[in-house]
Structure formats: C-alpha cells, structure tokens
Amino acid sequence: MSINTALIQQSSAAIQKLGTKVTEHFYDYMFTHYPEVRSLFPADMTEQQRRLFQSLLLITSNVDKTDVLLPYLHQLGVKHIRYDVRPEQYPIVGKCLLATLKHFLGSAWSQEMAESWIGAYNLASTVCIEAAAEAMKPDRYVPITMADVP
Ligand code: HEM
C-alpha cells in the first residue's frame, strides 16, 4: 500500500483549521463505539484532546521526515506503557481516526487519501508497539549482585 505524503499533509492542513473540535469528535466517536477503552482515559478530556491534536499535527507535518518522526513515535510508544495501552487497542484508535477524518473532510476525502492514512497509521502504530515491547524486554533487567550491597 502506498502512502501519498502530500495527500496526508493536505488533509492535515484542512483539519488544522478546525482545531480541537476534531479531537473532541474523535473521542466522542471512540467512546460511543468502543466504550471498553473509556476507563483508560481521565474524566476530563480537555487536556487530552489538545495533546492528541498537537500530536497529529506533529506526525502529519513530519510524515516525510523519518529522522524526526521515528524518535517521536518511539517515545510515544514507550509512554503508552504507562497508560496501560495494549497492541490490540491500536486498531481502535486507527478506525476512529479514519472515521473522524472522513466526517470532517467531506467531499475532499478520497480513496487514495484513505489508503495513505491507513498506511501511515499502520506504520506509526507498529513503531509505537515495537518500541513499547523493546522497553519491556526481560533482558533489560540486570540482576543485582553482592557488589550492589552498600
Ligand atoms: C498512533 C496512535 C496514537 C497516538 C498518536 C497517541 C497520542 C497520544 C498522546 C500525544 C498522548 C499524550 C502523551 C503525553 O503527553 O503524556 C496520549 C496519551 C494517552 N493515550 Fe494515546 N495515542 C495513540 C494510541 C493510543 C491507543 C491505541 C490508546 C488506547 C486505546 C491510547 C490511549 C491513551 C491514554 C489512556 C493516554 C493517557 C491519557 C491521560 O491519562 O491523560 N493511545 N496519546
């Protein structure tokens, strides 16, 4: 599947103008269709809506700059360990993101745009999930020894 980065940036620019009402819609949609993930998030979603919006802008504006994007996604994936997010929950966010983009982009939404977002989301999720798995590898534990006793 090919990722047309120009199309992603174009759709992101349109979304940017709408502000956090996009992420508000995203979370409303997700909590309605996937109520099982609601308890992972805080009661007041104002701050989280802002953070996700900023994150999407950062990702989309750097979608063709892997030197910026990969370290960002890596640390984001590791952060999600703390939030108790599991790999099988990533498709939920992806499906709700696509539904949200389609909702706001209206006639500008196209098959090629959808395919590009799907490709980009799958790649971004894979980086996040692999970074979290790497951070949790048991061999990162270095056994303590007598040398550690003060
Ligand atoms: C590539 C996909 C994702 C992106 C870009 C993303 C983005 C973000 C960002 C930017 C934050 C704020 C991090 C911070 O500054 O501390 C965050 C927090 C969080 N995310 Fe994600 N996320 C993704 C996937 C997921 C998934 C799949 C879930 C689970 C359904 C999830 C659940 C959460 C939770 C529970 C928080 C913490 C909310 C809080 O306690 O304030 N995220 N995410």
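This structure is a prediction, so every number in the text was calculated from the model and none was measured.

Draft legend 1. Here's a closer look at the site of the ligand. Around the ligand, the structure places 18 residues, and the nearest of them are F41, Q48, K79, H80 and Y83. With respect to the ligand, the side chain of H80 contributes an N or O atom lying 2.9 Å from a nitrogen atom. Contact distances for the ligand include 2.4 Å between an oxygen atom and a side-chain N or O atom of Y83. Residue assignment for the shell around the ligand shows that the elements contributing at least two residues are α3 (46-61), α4 (66-82) and α5 (90-105).

Draft legend 2. Structural view of the coordination of the iron atom of the ligand. Only one protein atom coordinates the iron atom of the ligand: H80 (NE2), located 2.1 Å from the metal. Among the structural elements, H80 can be located in helix α4.

Draft legend 3. The arrangement of the packing of α3 against α4 in detail. Running from N to C, α3 and α4 cross one another at 150 degrees; their axes reach a closest spacing of 10 Å. Taken together, the axes of α3 and α4 are roughly antiparallel relative to one another. For the pair α3 and α4, the sense of crossing is left-handed. Side by side, α3 and α4 meet where S55, L58 and I59 of the first sit next to L69, Y72, L73 and L76 of the second. In terms of residue class, the contact of α3 with α4 is built from six nonpolar, one polar and no charged.

Draft legend 4. Unusual backbone geometry, seen in detail. Of note in this structure, D84 is not a glycine but carries a positive phi near 65 degrees. Mapped onto the elements, D84 comes out in the loop between α4 and α5. Residue classification places D84 among the exposed positions, given a relative accessible area of 54%.

Draft legend 5. Here's a closer look at the environment of R86. Position of R86 relative to the elements: it lies in the loop between α4 and α5. Take R86: its relative accessible area is 44%, and that puts it in the partly exposed class. Sequence spacing of R86 and V68 is 18 residues, and the spatial spacing of their C-alpha atoms is 24 Å.

Draft legend 6. Broad picture of the pattern of salt bridges. According to the stated counting rule, one finds four salt bridges in the structure shown. With a shortest N-O distance of 3.0 Å, E88 and R86 are connected by a salt bridge. Of the charged contacts in the structure, one is a salt bridge between K137 and E134, with a shortest N-O distance of 3.9 Å. We classify K137 as partly exposed; its relative accessible area is 39%. On the basis of relative accessible area, E134 is assigned to the partly exposed category, the value being 40%. Through salt bridges with shared partners, one network takes in E47, R50 and R51.

What counts as what
Residues numbered from 1 in each chain as written. Predicted model: local features only at pLDDT ≥ 70, side-chain atom pairs only at ≥ 80, totals over all residues. Heavy atoms only, no water. Near = heavy atom within 4 Å. Polar contact = N/O pair within 3.5 Å; in protein donor to acceptor, adjacent residues only side chain to side chain. Helix = DSSP H or I, 4+ residues; strand = E, 2+ residues; numbered from the N terminus. Donors = N, O, S within 2.8 Å, 3.2 Å for Na, K, Ca; no water. Axes fitted to C-alpha atoms, helices over the stretch in contact; angles between N-to-C directions. Parallel < 35°, antiparallel > 145°, perpendicular 65-115°, else oblique. Left-handed = near helix turned anticlockwise from the far one by under 90°. Contact = heavy atoms within 4.5 Å. Nonpolar A, V, L, I, M, F, W, Y, C, P; charged D, E, K, R; others polar. Buried < 20%, exposed > 50% of the residue type's maximum accessible area, 1.4 Å probe, protein only. Salt bridge = Lys/Arg side-chain N within 4 Å of Asp/Glu carboxyl O.

Bear in mind that shape data such as this cannot, by itself, settle questions of function.
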